[in-house]
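# Examining the three-dimensional arrangement
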Protein chains: 2
Amino acid sequence: MIKKYVFGTPLETGAVTADVAPEKNTPEEVGIVDKTDCVAFVKELEDDDRIYGLGENIRGINKRGWIYESYATDDGIHSETLKSIYGVHNFIIIDCKKPFGIFVDAPFKVTFDLGYTYMDKAIITPQGRDFNLYIINGNSLSDIVRNFRKAIGKSYLAPFWSFGYIQSRWGYKSADECRQVVKEFRDNGVPIDGLCLDLDYMDSCKVFTTNEKDFPNFEGFVKEMSDSNVHLVPIIDAAVKAEKGYCISDEGVENNYFCKDENDNDYVGCVWPGHTYFPDYLNPDAGKWFASKYKYYTDMGIDGFWNDMNEPAIFFSKKSLDALKNDICENKERDFGANDYFALRHRVNFLWDYKEIYHNVNGKKIRHDKVHNMYGYMMTKSASQGLEEIAPDRRFLLFSRSSYIGMHRYAGIWTGDNQAWWSHLLLSLKQLPSLNMCGFLYIGSDIGGFNSNTTEDLSLRWHALSVFVPLMRNHNGSDRPQEWFRFIHKDWFRDLIKSRYRLLPFIYSEYLKAVHNDDMMFRPLRFVYENDSLAAEIEDQLMIGDSVMIAPVYTQNAKGRFVYLPEEMLMVKMYGDEIETEEYEKGRHYIEVPYNCVLFFIKKGALIPLYDCAMSTKELNKNKISVLCFSDEGSAEYEMYSDDGITKSSKVKKLEILVENKFAYCNSNDIEVTVLADYLNTLF
Amino acid sequence: MIKKYVFGTPLETGAVTADVAPEKNTPEEVGIVDKTDCVAFVKELEDDDRIYGLGENIRGINKRGWIYESYATDDGIHSETLKSIYGVHNFIIIDCKKPFGIFVDAPFKVTFDLGYTYMDKAIITPQGRDFNLYIINGNSLSDIVRNFRKAIGKSYLAPFWSFGYIQSRWGYKSADECRQVVKEFRDNGVPIDGLCLDLDYMDSCKVFTTNEKDFPNFEGFVKEMSDSNVHLVPIIDAAVKAEKGYCISDEGVENNYFCKDENDNDYVGCVWPGHTYFPDYLNPDAGKWFASKYKYYTDMGIDGFWNDMNEPAIFFSKKSLDALKNDICENKERDFGANDYFALRHRVNFLWDYKEIYHNVNGKKIRHDKVHNMYGYMMTKSASQGLEEIAPDRRFLLFSRSSYIGMHRYAGIWTGDNQAWWSHLLLSLKQLPSLNMCGFLYIGSDIGGFNSNTTEDLSLRWHALSVFVPLMRNHNGSDRPQEWFRFIHKDWFRDLIKSRYRLLPFIYSEYLKAVHNDDMMFRPLRFVYENDSLAAEIEDQLMIGDSVMIAPVYTQNAKGRFVYLPEEMLMVKMYGDEIETEEYEKGRHYIEVPYNCVLFFIKKGALIPLYDCAMSTKELNKNKISVLCFSDEGSAEYEMYSDDGITKSSKVKKLEILVENKFAYCNSNDIEVTVLADYLNTLF
C-alpha cells in the first residue's frame, strides 16, 4: 500500500508514523532524472490525467497546470502568481490510468512542476539529495488517501466548543472592546463560542505577557468571558522580543534556546515586537521550554491558542537592513535610474534572510533553509506536547499558520492571511478537500477575508460556505471592521450563524468520522462519482461525508447559481429556523440562493440530524435531534458519531438514526428524534 | 435624451461633442448631498438593480458591490482590491425600474461607491466642485448607450490590417530577434500582420530615437518587414529623458513645453530613461510640438503606434527620492522597529507625487491632480492630430494605455499590464462591453497576460477568446516568453489564429457597425434578452452584434463549460479550416471545447461570413466569402459592412448576404458567396 524510497541520508521529520521498510529498488511509477544537486521525478501525463493534493496551496482542486514550490512563506497576496504559501503539504495523487500517491518527505524546498513547463509532464524536484519518497497505492482515489493517512497517524481532535462561531479581528485594542463585541452577539441573539485575541492583548507584542493597561486583570477577564460561554483564544507568535529583563528573552539567551547566526551569536531578526530571537523549535529542549510557557495562560483558564508567524515570518534582519542603509547612504549623491529604483524596491520588499539562521539539531548545526518547512510544525508540536503535560486528557483548541504533514496530529490550521476577494472565497472551498487528503481536518479560512476591505455580500456568502467548515472564524485586519453587526442586514448573518449551530450534530459527526476512519470530510465530486466525467470537472461543489453535497455562491451580484447534481437529490435551503426542501433530478439546475440561505443537497436514503439552535455550544440540547430526510421508499438512515467533546479519552458513540414511514428511531434511548422534513412522505 | 448639469466652473475636457444646453434645475434621478469640499450624488438601489459601465475598470460587468476611484493609475496587480486602473471612464448606467446613465465629466478623482459602504446605495463623489454632470435617458439599456455615444462623438476608426494578429514582447532586443520571430510565423504557416516594438528599439529609452546598434538601418528594417506584410508598431512613452544635447529634451526646455514644479522649474521625475521631463500635453503648443515628432517614424514607413506610460507613470521624483535617502541616512544609527520598516516600504512602493507637478492650461497654472485623468488622453489626442497633419486621410493604428472618455475619437486602447491569471482572462471578457459603452471599440487585452509567467493552456484559451477582439495582440514582459512557438502544441495555436483570419469579415463588419451606428460591438446578454432573468445573471458570455454569442472557457483544466442559451442556437466549433456545427435548444448545456477550438453560437435566421485564411490581411481574397448559417425556414441573412480599410474618407459598403434554399446571394456582384454549412438544410 505504501512504499518508501530513501535518498541520501534524510533528516527524520516524523511525518510518517507507520513503520515502513525501505524498498531496495527505485519506484516504477515515476521516472528518475539525476541532476547535479538533486534528483527529479517525472511522470508523463495523458490529456485526461488530473492531479490532486498539495494541501493548502492555491489554484484548483485539480492542481495541474502550475509550478508550486513547497517553502513556507508569509505572503499575504495569494494571487494566481503565488507558488508558496504558509503550509507545506507535499502529498499529491496522480489521477491517471492507475492512480497513485506521492509524498515527498523533505523539510527543504521541493518544486512541483505539474504540467507548467510541459503540459504533458509532472516533474517533482526536491532541492536537495537527502529525503524520503513514498509511493502510495490503493483501489480508488479515496483509498489512496486512506492508505496515506494511516501511514501519517490520526488527525488532531479539536474540542466540541471550537465548532462554535469564533469572532476575531486584529484590532481589538482592549478588554472593553472585546466585551462590546460579545455584547453585540448576546444582545442580538447571535450565537458565539470563541473570541480570538490578536497582538494587542500582549505587552508590546511579547509572548507570554499581557497588556496590563488595556487588558487589566486578565485572569478575571478570561473568567468573565468563560462565564458567558465565550472562550478567549490568544495568539502566540513564534519569535521572542530581544529585550534584557524580559524573562522569556533572558531564559532563551541563557540556555541557548534561540537560533544562531553563522558566528554562533543569537540571530536577530525583526518582527512585530521589533528585534526578536527565534526559538529553536528543532532543539527538543528549546521546544519543551517554550511550550511550558503556555501554562501562563492555561492557569488563567485559557483553553485555546493560535500559533502565528511561524514560517517563520521575518520582516527583515538587523544585518540586511543595516546593509541596505549603508548602501543607500554611501550612494546618497548618485542619481538613481529606473534600475536602481527597482533594485531598492526589491531589497525593501523581499528580505527573508533564511540563510543567515542556524539550528541545533541533535547537536549538529544546520542552516535554516535545509529544515525551513519544519519550523511552524515543530513549534506547534512542542505546544501540543506542552499542553498535554499541563492537562493530559484535555482537548485544547490549537491551530497554526505554518504547517507540514505530521503536524496534523497535533493541531488544526487556518489558511493564513487571505484577502477579501471573491476568488479567495472559492479558493477556500478548494483548499478543504486538498487539506483533508494531507490529514488536516480542523481547518478554516478567515471568513470575509483577512486583508483588503470586505463587502457585506462577500461576507454573507463566505459565512454561508463556512457553516460547514470546522473552524468557523471571522477574522480580519483591514481598515474595515467586518463583524456581522457592522453591516445592514444583521438578521441575514444571524440566520447563517444559527444554521451553523443547527447543523452541528452533522458537522461534528462528519469531522469525527474523518478523524477516526482516516478519511476525508470534504471530497471532490470526482472522488465519489468516479465514472461521471462531468462530476470530474466540478470544482465549485463538494461532498461532505457520504450523504451531503454543498454548492455555495461565490460570485458577486449573483442571485443564485447553477448546480450540477450527479444523481437525484433533495435540495435544502436553511434560513436559521426556517427550512425549505425540494426534490431535484440528476442534471444541471439554476438555484436561487438568497443571502441568508445555507444551501445543500441530501442523497436519496440519507438523513441529516439537526439540533435546535442555542447561543453557544454549551447551551445546545444534545438529547433532542430533528432530522431532514430524503427517503428511499419511506426510509432513510444516518450513522452519527459523537463524543464528550472535551477529553481525549472520550469514546466515540456511533448512533444509528433511522426513519421509517415518518417515524424516527435512534439506538440511544436518551435521544429524542423527530422528523422535521421527509420529502417523499409529505412535508412537515 | 441627455441633460447637462454644471457644477462650479468646470474645465472643458472635450469629452462631450454634442451641444447640450445646461439645465437650470438639479437632476431628479439622483439625490444631491452637499459636503464641505464636494457634492455627492446618491441613488437608492433595489435588490435587483444592476450597474453597468466604468469602462476598463475591474470586477463584474455588473459593477455593483465595490468602490471604484477614477484616477489613472499604473498598477500592474489588478487584484480585486484595485480601485483605479489606467483608463478613466466615468460613465455608468443604473439598471433600475427606469434605467438611466450618468456621466461625470471631471478630470480629477471621482469616487464611485456602488453598494460598497451600503449595499443599497450608489454614491458618486467627484473630489472637487467644478465639473459637468450628464444624465442620459433612453428606451432601453442599449438605447441609453447610443444616446450617450451620440453625445461624445464617433469612435476611432482603425485600419483593417490592425485586425490581423499582432505579436509583441518587452524583450525583443534587436532587429534580428524580431526577424526570427516573424520567420517562425512565416515558416509555420501562422498569419501575422504586426509586430510591436517595446523600449529596446529606442536609444536609451529616448522617444523619437532608434537604437543604432541593435536596430541598424531602421528604415530598411521597417521596409523589409513591410515587404513581408508585417507592420512594425513602436512604443511611444509619454515622458522625455532629461538630457542636454538630446534634441527633444532641449527643444522642450527651450520652449517651456514641459510640466513645471511649484517654482516654475521643469519638473523632473524618473521613469524608464532615468530622469525625465513630462511634456505638458494640456498646453496645445506643447502637444502639437510633441505630435509633430511622430513624423520621424512615419517618414520611415511606420503606420502604427502605441502610446504608453501616459497616466503618467512615475517611479519616483527626484525630490521624493532625495528626501527618502536623507531620512534614512539621518536615522542610520537608530534601530528600526516593525512600524519603521513598514513606513519605509510604503515610501519606496508608493511614490507618485502628482501634487508636485503643474500644467499651463490656457495660461493658467494648474496643479496636476486637478487634471490628472486627461494626461494620456491629451497626449493621444495630440498624436492623432499630428498624424492627421502628416497624412490627412490615412488611418493610422494608434492605441494608448491611459485614456478618458473623449479619447475614443482618436485612438483605441489596450487594457494595460494585466497578469497571466485565469481571472484576468475572464476580466478581459468583462471589460469588452463596459468599454464599448464608453465609446472604446478598438480594444484588447494582452493575450496570455503581460506580467507573471503564463501557461500553455491559459495562452490557448486566451487566444480563443481574443479571436473576436479587435486588437488581437499577444504581449508580455515576464520571464517566460509566450509566443505560440514556445509551446508544445504549435498546431493548436495555428488553428486559433487561422480562425481569426477566417472570421475577419464578420469581426470587422461588427466593428464598423458599432463605429458608424454609435453602437456596442460586445453586449452583455442582459442588454439583448431584457426579459430573461437568467440571462441577466450571465457574466461569462457575450453577444457580438445581433447574431452571435460567444462563451469562452476561462477555467484551468476544464475540458469544456456550461453555456446558457437564451434561445435556440446553432453551435459552431471552428478549428481553423475545420468546422463543426450542431443545433442546441434554449437552456443550459455542457459543451466540450478542445484547446484549438473557437466556440460560438449563431441565432436562428442569421448567417456569418468567412474568408479563406491567408497569412496576412493583405493576402486575403475579399471577393470570396463563404457563409455559415442557421436557417429559419430555409433562409438566413446578414448585413455586412466593409470599407477600404485604409482611408478615413472611405465610404462604408453595406452588403446584403442572403441564403435561400442553400443558394447564397450578395448584392455586390464582385463577391462570390458559397454556403459552407447550413444547419437546417443538411450540412456541407
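The present account deals with the structure reproduced in this document. (Residues numbered from 1 in each chain as written. Chains lettered and ligands numbered in written order. Predicted model: local features only at pLDDT ≥ 70, side-chain atom pairs only at ≥ 80, totals over all residues. Heavy atoms only, no water.)

### Focus: the interface of chain B and chain A
Accessible area lost on assembly of the parts is the figure often given for the size of an interface. As a reminder of what qualifies: Throughout, a residue-residue contact means that at least one pair of heavy atoms, one from each residue, lies within 4.5 Å. Buried area counts how much accessible surface, traced with a 1.4 Å probe, disappears from two parts once they are put together, with both parts' losses summed. For this analysis, a salt bridge means a side-chain nitrogen from Lys or Arg found within 4 Å of a carboxyl oxygen belonging to Asp or Glu. Throughout this description, a polar contact denotes any pair of N or O atoms lying within 3.5 Å of each other; where both atoms belong to protein, one of them has to be capable of donating a hydrogen while the other can accept it, and for residues adjacent in sequence the pair is counted only when both atoms sit in side chains. Three residue categories are used. Nonpolar comprises Ala, Val, Leu, Ile, Met, Phe, Trp, Tyr, Cys and Pro, charged comprises Asp, Glu, Lys and Arg, and polar comprises the others, including Gly.
Contacts between the two partners involve 71 residues from chain B and, on the opposite side, 71 residues from chain A. Where chain B abuts chain A, roughly 5,900 Å² becomes buried across the two surfaces, and 59% of that area is made up of carbon and sulfur atoms. Connecting chain B to chain A are four salt bridges. Among the salt bridges present, the one from Asp335(A) reaches Lys318(B), with a minimum N-O distance of 3.5 Å. Inspection of the chain B/chain A interface yields 37 residue pairs in polar contact (both at pLDDT 80 or more). Here the residues of the side of chain B that touches chain A are counted per class, giving 32 nonpolar, 21 polar and 18 charged.

### Regarding the packing of helix 10 (residues 422-437) of chain A against helix 11 (residues 456-466) of chain A
Residue and element names in this part refer to chain A. To be explicit about the condition: All axes here are fitted lines through C-alpha atoms, helices being fitted over the stretch that makes contact, and every angle between N-to-C directions spans 0 to 180 degrees. Note on conventions: DSSP H or I runs of at least 4 residues are helices, E runs of at least 2 residues are strands, and numbering of each starts at the N terminus. Roughly parallel means an angle under 35 degrees; roughly antiparallel means over 145; roughly perpendicular covers 65 to 115; every other angle is labelled oblique.
With their axes 10 Å apart at the nearest point, helix 10 and helix 11 run at an angle of 5° to one another. Classified by the angle between their axes, helix 10 and helix 11 sit roughly parallel to one another. Here Trp422, His424, Leu425, Ser428 and Leu429 of helix 10 lie close against helix 11, whose contacting residues are Asp457, Leu458, Arg461, Trp462 and Leu465.

### A word on the sheet that holds strand 17 (residues 274-277) of chain A
Remark on secondary structure: sheet strands pair via backbone hydrogen bonds, oriented parallel or antiparallel. Residues and elements named next belong to chain A. To keep things clear, this is the line we draw: Any two strands are treated as partners once DSSP identifies two or more bridges connecting them.
Read across the sheet, four strands follow the order 15-17-16-19 without closing on themselves; strand pairing throughout is antiparallel. The sheet is open, and its two edges are formed by strand 15 (240-241) and strand 19 (316-317), each paired on a single side. For strand 16 (residues 269-271) and strand 19, the ladder comprises two bridges, and the chain directions are antiparallel. Within strand 19, the residue paired with Cys270 across the bridge is Phe316.

### Re the relation of the copies chain B and chain A
Inclusion rule: Least squares is the method for superposing the copies, and the C-alpha atoms it fits come from residues with pLDDT of at least 70 in both.
Once chain B is rotated about the relating axis by 180° and shifted along it by 0.0 Å, it coincides with chain A to within an RMSD of 0.0 Å. When the rotation and shift are considered jointly, the pair of chain copies conforms to a two-fold rotation axis. By C-alpha distance to the rotation axis, the residue of chain B lying nearest is Cys329(B), at 2.8 Å. The fraction of interface residues of chain B whose copies in chain A are also interface residues reaches 100%, indicating that both copies meet through the same surface.

### Some details on the pairing of strand 8 (residues 100-105) of chain B
Residue and element names in this part refer to chain B. For clarity, the threshold we go by: Think of it in three bands: residues with accessible area under 20% of the maximum for their type are buried, residues over 50% are exposed, and the middle band is partly exposed, with areas taken using a 1.4 Å probe on protein chains only.
Across the six residues of strand 8, six count as buried, placing the element largely inside the fold. Both faces of strand 8 are covered, namely the face carrying Phe100, Ile102 and Val104 and the face carrying Gly101, Phe103 and Asp105. For strand 7 (residues 91-95) and strand 8, the ladder comprises four bridges, and the chain directions are antiparallel. Considered in strand 8, the bridge of Phe91 is made with Phe103. As consecutive antiparallel partners, strand 7 and strand 8 are separated by four residues.

### Quick notes on the sheet that holds strand 3 (residues 39-44) of chain B
Residues and elements named next belong to chain B. In space, the five strands of this open sheet follow the order 2-3-10-9-5, with antiparallel pairing throughout. Taken across any chain shown, the strands that pair with only one partner, and hence form the sheet edges, are strand 2 (31-34) and strand 5 (66-70). The sheet shows a mean angle of 15° between the axes of neighbouring strands, direction not considered. In the sheet, strand 9 (residues 110-114) pairs with strand 10 (residues 121-126) via five bridges, with the strands oriented antiparallel. If you follow Leu114 over to strand 10, its bridge partner there is Ala122.

### Details of the packing of helix 11 (residues 456-466) of chain B against helix 12 (residues 490-516) of chain B
All names here are of chain B. To keep things clear, this is the line we draw: The hand of a helix crossing depends on one turn: near helix anticlockwise from the far one by less than a right angle means left-handed, and clockwise means right-handed.
Where helix 11 contacts helix 12, the two axes come as close as 9 Å, and the packing angle between them is 15°. Judged on the interaxial angle alone, helix 12 and helix 11 are roughly parallel. For helix 11 against helix 12, the interelement crossing comes out left-handed. Packed against helix 11, whose contacting residues are Glu456, Ser459, Leu460, His463, Ala464 and Ser466, the element helix 12 presents Trp492, Phe493, Leu496, Ile497 and Arg500 at the interface.

### A look at the packing of aromatic side chains
All names here are of chain A. Convention followed: Between rings of Phe, Tyr and Trp, where Trp is taken as its six-membered ring, a pair exists when centres lie within 6.5 Å; planes separated by under 30 degrees are stacked, by over 60 edge-to-face, and by other angles tilted. Sitting over a ring, as applied to charges here, requires NZ of Lys or CZ of Arg to be within 6 Å of the ring centre and within 35 degrees of the ring normal.
Tallying each qualifying case throughout the model produces 108 aromatic pairs over all chains. The cationic tip of Lys121 hangs over the ring face of Tyr118; the distance from NZ or CZ to the ring centre is 5.2 Å. Lying over the aromatic face of Tyr358, Lys365 brings its terminal NZ or CZ to 4.8 Å of the ring centre.

### Notes on the nonpolar core
Here is the rule we go by: As used here, the term nonpolar core means buried Ala, Val, Leu, Ile, Met, Phe, Trp, Tyr and Cys residues forming a set that is joined through side-chain atoms within 4.5 Å.
Ranked by size, the top nonpolar core spans 396 residues in total, and within it Tyr511(A), Phe600(A), Tyr511(B) and Phe600(B) carry the most contacts. Ignoring any residue separated from it by four or fewer positions in sequence, one finds Phe600(B) in contact with Phe468(B), Leu503(B), Val548(B), Met549(B), Ile550(B), Leu570(B), Met571(B), Val572(B), Met574(B), Ile608(B) and Leu628(B).

### Section: helix 3 (residues 218-227) of chain B
Residues and elements named next belong to chain B. Stated precisely, the cut-off is as follows: The arc under discussion is defined with respect to the helix axis, by the directions toward the C-beta atoms.
All of the buried residues along helix 3 are Phe218, Phe221, Val222 and Met225. Seen along its axis, helix 3 keeps its buried residues to an arc of 100°; they face one direction. Exposed side chains of helix 3 directed beyond 90 degrees from the buried face belong to Lys223 and Asp227. On its buried side, helix 3 packs onto helix 2 (175-187), strand 13 (194-197), strand 14 (231-237) and helix 6 (295-298). Of the residues trailing helix 3, Asn229 is marked for its positive phi of about 65°.

### Some thoughts on the state of the cysteines
For clarity, the threshold we go by: Only a pair of cysteine sulfur atoms within 2.5 Å counts as a disulfide in this structure description.
For the coordinates displayed, the defined rule picks out one disulfide over all chains. Two residues, Cys329(A) and Cys329(B), share a disulfide whose sulfurs are 2.5 Å apart. Residues Cys329(A) and Cys329(B) are joined through a disulfide that is left-handed, its torsion about the S-S bond being -115°. Of this pair, Cys329(A) sits in helix 7 (residues 318-330) while Cys329(B) is found in helix 7 (residues 318-330), placing the two residues in two different chains. The two residues Cys329(A) and Cys329(B) agree in class, both being buried. The thiol of Cys247(A) is not disulfide-bonded; the next cysteine sulfur, from Cys205(A), is found 16 Å away.

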